[in-house]
Amino acid sequence: MTPPFAPAIDAHVHVLPERLLAAVRNALNDEAGWEFAHPTDREAIEAVLHEAGVERYVSLPYAHRSGVAADLNEWVRARAEESEMLIPFATVHPDDDVADVVYDALEAGARGLKFHCPVQRCPPDDPRLDPAYELAADFDRPVLFHAGTAPMFRGDSAVGPVPFESFVASFPDVRACCAHMGAYDVEEFLAIADDYDSVFLDTTFAMSSAAERYMDFDPGTVADDRIEELSDSIMYGSDFPNIPYDYAAERDHLLSRDLSEATYRDVFRRTAERFLG
Ligand SMILES: [Zn+2]
């Protein structure tokens, strides 16, 4: 019997204004040569997710420079108002008035914060972000980081297990996810998740059946036992629509494993609920 996927939560989706999405795609095309066939507007994105069995998804904005986060957060929030599926996150750039931007976003209904450490040039333990983390703790909202070296950030001091664990140790009350299983340092990030209840990892890209081809990472190196042990810390995500492969590839490797039904329910839904609070 095929293990259950629906009703899933996809914890890592990018519904973005058309121009920003095009800029992200152009950067990935230039640097990685990836081509994108998926739709860019919210309704078409949601149709694909819904068809696959996704009930709700987290939409993650990007602020690649200062001064753009407030408008972007408001744009995502407005899309959430039109949607039954979209769970809005917010972002801020470390050079913004961090406390103001984050307070306004959380007060307006953002369910969490997103930081892309290498693109925003800020490690998770960057003290400029402390006001954001203090507000996340006050509002009981989680934080999601691109904090790993994949796919093109090896040697970048903003990423890797050291600055992530330094943040986690300073803010143990803030639920924190490292996207992409922390690739390419998956073992080290799994060990951090062993040590801290507040730490989560998302499966985005790294656990897809396309990871080896597009990211030079073999998801088979993560043993079934590790996923069972950490099923309340590992949640499904996809990076849709910015993936150079079919949406089904994001889950078919996971579904081909011999995991317990409880672990599948955790990974595809319950862990995201715990993360979101
Ligand atoms: Zn992403």
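In case you missed it, the structure is sitting above this.
Residues numbered from 1 in each chain as written. Predicted model: local features only at pLDDT ≥ 70, side-chain atom pairs only at ≥ 80, totals over all residues. Heavy atoms only, no water.

Examining helix α12 (residues 261-276)
Since the α-helix packs 3.6 residues into each turn, any two residues three or four apart lie on the same face. Convention followed: What counts as a helix is a DSSP run of H or I of at least four residues, what counts as a strand is a run of E of at least two, and both are numbered from the N terminus. In this scheme, a helix's expected span is set at 1.5 Å multiplied by one less than its residue total. Bend at a residue means the angle formed by two fitted axes: the first through the 7 residues ending at that position, the second through the 7 residues beginning there. Here the term buried applies to any residue with accessible area under 20% of the maximum for its type, exposed to any over 50%, and partly exposed to those in between, with areas from a 1.4 Å probe on protein chains only.
Along its 16 residues, α12 runs 22 Å from first to last C-alpha, staying within 8% of the 22 Å computed at 1.5 Å per residue. The sharpest bend along α12 reaches about 55 degrees and sits at Val-267. Turning to α12, its buried residues are Thr-263, Tyr-264, Arg-265, Asp-266, Val-267, Phe-268, Arg-269, Thr-271, Ala-272, Phe-275 and Leu-276. Taken from the residues just after α12, Gly-277 is the one with a positive phi, measuring 85 degrees.

Quick word on the sheet that holds strand β4 (residues 113-116)
Formally: A strand pair is defined by DSSP finding two or more bridges across the two strands. Working rule for contacts: check all heavy atoms of both residues, and any pair within 4.5 Å makes them a contact. Lines are fitted to the C-alpha atoms to define the axes, a helix being fitted only along its stretch in contact, and any angle between axes, read from their N-to-C directions, falls within 0 to 180 degrees.
With parallel pairing, 5 strands are arranged side by side in an open sheet as β4-β5-β6-β7-β8. Two strands in the sheet have a free side with no partner beyond their single neighbour: β4 and β8 (234-235). Here 3 bridges tie strand β6 (residues 176-178) to strand β7 (residues 199-202), and the two strands are oriented parallel to one another. Bridge pairing links Ala-176 to Val-199 in β7. Its contacts with the sheet put helix α6 (residues 130-139) on β4 and β5 (143-146), and the angle it makes with β4 is roughly 150 degrees.

Observations concerning the pairing of strand β2 (residues 54-59)
For a regular strand, the rule is simple: side chains alternate between the two faces of the sheet. Looking at chain direction, strand β1 (residues 8-13) and β2 are connected through 4 bridges and run parallel. Across the sheet, residue Val-13 finds its bridge partner in β2, namely Ser-59.

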